[in-house]
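If you want the building blocks of each chain, they are given just below.
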Amino acid sequence: STAAFLLERGASPDQERAQPALMCAASVAEDDPAGARLLLKHRAAVDARAALQRTALMAAALGGHARIVEALLAAGASPDLADHRGTTALMEGARSGSVAVIHALGRRKADPDREDANGRTALVIACQSRHASEEAVRALLSLGADRARADADGPRSPMPARRARRHRCRDRSIAAPSSGPGRRS
């Protein structure tokens, strides 16, 4: 590929005042980690920040790209970095509804109860997302997400549950799992 040709001849994957190449590789339409691995092999900064302080891990999580998320985490990406609005990769994974992304971030101890600038946790975001399923909500609960905090919507939420089209966390049929490998105590 052109990227491999340039990188093998000394091109830098990180340019000052430019979108990090790793962000582009993580934002592709397909969940193919080859581009991200190539850039990481040539020392791309795994936690480089793009516009609005977003990282490649956040972009991959929002795209539901579990294989890219795994590659970035294996290279040392920080799962709890937040963008300018306090959004983390776990929140983006919850928004995408990708259970595999949620579990990958959970294995790296991403904080399920961290709040964004609107006071929403990953669980609230999953409950309000049209892309997230009950399985995604259960995956967050298995990580130890505090259901009581989700029921509150977040004190600064711009879209409280009473106005949301769906809010699975209020559905009592979604019970927290009794135990699990990622469950926090």
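Residues numbered from 1 in each chain as written. Predicted model: local features only at pLDDT ≥ 70, side-chain atom pairs only at ≥ 80, totals over all residues. Heavy atoms only, no water.

## Focus: the environment of Cys127
Next, step 1: In this fold, Cys127 is placed in helix α8 (residues 122-128).
Next, step 2: Residue Cys127 is classed as buried on the basis of its relative accessible area of 0%.
Next, step 3: For the pair Cys127 and Arg95, spaced 32 residues apart in sequence, the C-alpha to C-alpha distance is 8.6 Å. (Helix = DSSP H or I, 4+ residues; strand = E, 2+ residues; numbered from the N terminus. Buried < 20%, exposed > 50% of the residue type's maximum accessible area, 1.4 Å probe, protein only.)

## Notes on the confidence of the model for the protein
Should the pLDDT be low somewhere, the predicted coordinates at that spot are not to be read in detail.
Next, step 1: Chain-level pLDDT for the protein is 83 on average; 74% of the residues reach the 70-or-more range.
Next, step 2: Residue range residues 178-185 is modelled with pLDDT below 50. Its contacts to residues more than four positions away, or to other chains, number 14 contacts. (pLDDT = per-residue confidence, 0-100. Contact = heavy atoms within 4.5 Å.)

## Looking at the packing of helix α7 (residues 99-107) against helix α9 (residues 134-142)
Next, step 1: Taken N-terminus to C-terminus, the directions of α7 and α9 make an angle of 10°; their axes are 9 Å apart at the nearest point. With respect to α9, the axis of α7 lies roughly parallel. Residues Val99, Ile102 and His103 of α7 form the contact with α9, whose participating residues are Glu135, Ala136, Ala139, Leu140 and Ser142.
Next, step 2: Residue composition of the contact of α7 with α9, by class: 5 nonpolar, 2 polar and 1 charged. (Axes fitted to C-alpha atoms, helices over the stretch in contact; angles between N-to-C directions. Parallel < 35°, antiparallel > 145°, perpendicular 65-115°, else oblique. Nonpolar A, V, L, I, M, F, W, Y, C, P; charged D, E, K, R; others polar.)

## Digging into the packing of helix α6 (residues 89-96) against α7
When two helices pack together, their arrangement is given by the angle between the helix axes and the distance between those axes.
Next, step 1: α7 packs onto α6 with a crossing angle of 160° between their chain directions and a minimal axis gap of 8 Å. Classified by the interaxial angle, the pair formed by α6 and α7 is roughly antiparallel. Crossing of α6 over α7 shows left-handed handedness. For the pair formed by α6 and α7, the contact residues are Ala89, Leu90, Gly93 and Ala94 on the first element and Val101, Ile102 and Leu105 on the second.
Next, step 2: Its residues assigned to classes, the contact of α6 with α7 shows 6 nonpolar, 1 polar and no charged. (Left-handed = near helix turned anticlockwise from the far one by under 90°.)

## A closer look at helix α5 (residues 66-74)
Next, step 1: Those residues of α5 that fall on the buried side of the exposure criterion are Ala66, Ile68, Val69, Ala71, Leu72 and Leu73.
Next, step 2: Tucked inside the fold, the buried residues of α5 contact α2 (21-26), α3 (34-41), α4 (56-62) and α7.
Next, step 3: In the stretch just after α5, Gly76 is the one whose phi turns positive, near 105°.

## Description of unusual backbone geometry
Next, step 1: In the Ramachandran plot, Arg43 falls in the positive-phi region, its phi being about 65° despite a non-glycine side chain.
Next, step 2: Take Arg43: its relative accessible area is 73%, and that puts it in the exposed class.
Next, step 3: Non-glycine residue Lys109 carries a positive phi angle of around 65°.
Next, step 4: Relative to the helices and strands, Lys109 resides in the loop between α7 and α8.
Next, step 5: Judged by relative accessible area, Lys109 falls into the exposed class, the value being 56%.

## A closer look at the side chain of Ser96
Next, step 1: Inspection of the secondary structure puts Ser96 in helix α6.
Next, step 2: There is a polar contact of 3.2 Å between the side chain of Ser96 and the backbone oxygen of Ala61.
Next, step 3: Here the side chain of Ser96 touches Ser98 through a polar contact of 3.2 Å, landing on its backbone nitrogen. (Polar contact = N/O pair within 3.5 Å; in protein donor to acceptor, adjacent residues only side chain to side chain.)

## Looking at the pattern of salt bridges
Next, step 1: According to the stated counting rule, one finds 6 salt bridges in the structure shown.
Next, step 2: Between Arg54 and Glu92 there is a salt bridge, and its shortest N-O distance comes to 2.8 Å. Taken as a pair, Arg54 in the loop between α3 and α4 and Glu92 in helix α6 lie far apart in primary sequence, 38 residues in all.
Next, step 3: Classification of Glu92 as buried rests on a relative accessible area of 5%. (Salt bridge = Lys/Arg side-chain N within 4 Å of Asp/Glu carboxyl O.)

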